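# Coordinates in review
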Amino acid sequence: AQSVTQLDSQVPVFEEAPVELRCNYSSSVSVYLFWYVQYPNQGLQLLLKYLSGSTLVKGINGFEAEFNKSQTSFHLRKPSVHISDTAEYFCAVSEINSGSRLTFGEGTQLTVNP
Amino acid sequence: GAGVSQSPSNKVTEKGKDVELRCDPISGHTALYWYRQSLGQGLEFLIYFQGNSAPDKSGLPSDRFSAERTGGSVSTLTIQRTQQEDSAVYLCASSTTGTESNQPQHFGDGTRLSIL
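Residues numbered from 1 in each chain as written. Chains lettered and ligands numbered in written order. Predicted model: local features only at pLDDT ≥ 70, side-chain atom pairs only at ≥ 80, totals over all residues. Heavy atoms only, no water.

## A look at the pairing of strand S2 (residues 10–14) of chain A
Residue and element names in this part refer to chain A. Side chains Val11 and Val13 project from S2 onto a buried face, and the interleaved Gln10, Pro12 and Phe14 project onto a face without burial. Where S2 and strand S12 (residues 108–113) come together, five bridges link them in parallel fashion. In the strand pairing of S12, Phe14 is matched with Asn113. (Buried < 20%, exposed > 50% of the residue type's maximum accessible area, 1.4 Å probe, protein only. Helix = DSSP H or I, 4+ residues; strand = E, 2+ residues; numbered from the N terminus. Pairing = 2+ DSSP bridges.)

What follows is the structure in structure tokens.
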């Protein structure tokens, strides 16, 4: 079975600072990787996904993530954050050829302060 | 176009009552998923429907939980004899197909269930 660990439950940063949200996964088979964002009282919105190919993936709202197979990591980054990026961020995996259920990390609350 | 629609958005009920939560997926999406989001448990998979195939019920926490999907579209999640630990946000998602696990899932805004 797969598992996902988000190493930081809360990340406070100042506006226009860079940010990295860390995600590590464990699986006995190959996986697809996703980052979702959840704004208060809303569902999850897909930020980006890694399926194959280039290990650097660009998503919406200026976010990007890098897949590192040897370190089983998929960290999310943004070079300059805005107040509006304040939200909870979830890393998720699904196992290739094993169905589509997502396994989520515990989430990281990103708070951007002025 | 319309996204995944869930109703009600909030539900408060007394312990022991039955509740039904509804999900209307994006038109044309053949795969439908239910997840539960609760404090201390994070986001948990509950059940998955793909077309006319038998659903994957492996995430349902007890036999008080059941779900059906009529006509390959709308789904209803039913919780019988609710307990306080059932309090959570129940999220529904759909995707174009579930057989290819690379298809992104589109989520509704959830139903916030509170058991008194």
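## A few points about the layout of surface pockets
Roughly 490 Å³ of volume is contained in the largest pocket. Considering the residues around the largest pocket, the lining is formed by 22 residues, among which Gln38 of chain A together with Gln37, Ser38, Val89 and Arg112 of chain B are closest to the centre. Among the residues making up the lining of the largest pocket, the classes are represented as seven nonpolar, 11 polar and four charged. Its boundaries defined by the atoms lining it, the second largest pocket holds a volume of some 180 Å³. Along the walls of the second largest pocket sit 15 residues, with Thr103 of chain A together with Gln41, Leu43, Glu44 and Phe45 of chain B positioned nearest its centre. At the level of elements, strand S11 (103–104) of chain A together with strand S5 (42–50) of chain B are the ones that each hand at least two residues to the lining of the second largest pocket. Considering each element in turn, the lining of the second largest pocket owes the most residues, five residues, to S5 of chain B. (1 Å grid on protein atoms, 1.4 Å probe; cavity = no way out; pocket = protein on both sides within 12 Å on 5 of 7 lines; lining within 4 Å. Points joined across faces, edges and corners; volume = space filled by probe spheres on them. Nonpolar A, V, L, I, M, F, W, Y, C, P; charged D, E, K, R; others polar.)

## Here we look at the nonpolar core
Ranked by size, the top nonpolar core spans 28 residues in total, and within it Leu33, Trp35, Leu47, Leu48, Phe74, Leu76 and Tyr89 of chain A carry the most contacts. With near-sequence residues (within four places) excluded, Tyr89 of chain A lies in contact with Gln6, Leu21, Trp35, Tyr36, Val37, Leu47, Phe63, Leu76, Gly107, Thr108 and Leu110 of chain A. The next biggest cluster of nonpolar side chains, apart from the first, holds 20 residues, and it includes Cys23, Ile26, Leu46 and Ile47 of chain B. (Core = buried A, V, L, I, M, F, W, Y, C linked by side-chain atoms within 4.5 Å. Contact = heavy atoms within 4.5 Å.)

## Focus on the state of the cysteines
Residue and element names in this part refer to chain A. For the structure on display, the rule yields two disulfides over all chains. Cys23 shares a disulfide with Cys91; S-S distance 2.0 Å. Negative torsions about the S-S bond denote left-handed disulfides, and the value of about -65° found for Cys23 with Cys91 makes this one left-handed. On the criterion of sequence distance, the pair formed by Cys23 in strand S4 (residues 23–26) and Cys91 in strand S10 (residues 87–95) is long-range, its members being 68 residues apart. The two residues Cys23 and Cys91 agree in class, both being buried. (Disulfide = S-S within 2.5 Å.)

## Some thoughts on the pattern of salt bridges
Tallying each qualifying case throughout the model produces eight salt bridges over all chains. Where Glu44 of chain B meets Arg36 of chain B, a salt bridge forms, and the shortest distance between an N and an O atom there is 3.2 Å. Sharing partners across several salt bridges, the network here consists of Glu20, Glu66 and Arg77 of chain A. (Salt bridge = Lys/Arg side-chain N within 4 Å of Asp/Glu carboxyl O.)

## Observations regarding the packing of aromatic side chains
In this structure the tally under the stated criterion is 13 aromatic pairs over all chains. With a centroid separation of 4.4 Å and an interplanar angle of 25°, the aromatic rings of Tyr50 of chain A and Phe67 of chain A are classed as stacked. One end of the pair, Tyr50 of chain A, is in strand S6 (residues 44–50); the other, Phe67 of chain A, is in strand S8 (residues 64–68), and 17 residues separate them in sequence. For Phe67 of chain A, a relative accessible area of 13% translates into the label buried. Here the aromatic rings of Tyr35 of chain B and Phe45 of chain B are separated by 6.0 Å at their centres, their planes lie at 70°, and the arrangement is edge-to-face. Of this pair, Tyr35 of chain B sits in strand S4 (residues 31–38) while Phe45 of chain B is found in strand S5, placing the two residues 10 residues apart along the sequence. Take Tyr35 of chain B and Phe45 of chain B: they sit in the same class, and that class is buried. (Phe/Tyr/Trp six-rings, centres within 6.5 Å; stacked < 30°, edge-to-face > 60°.)

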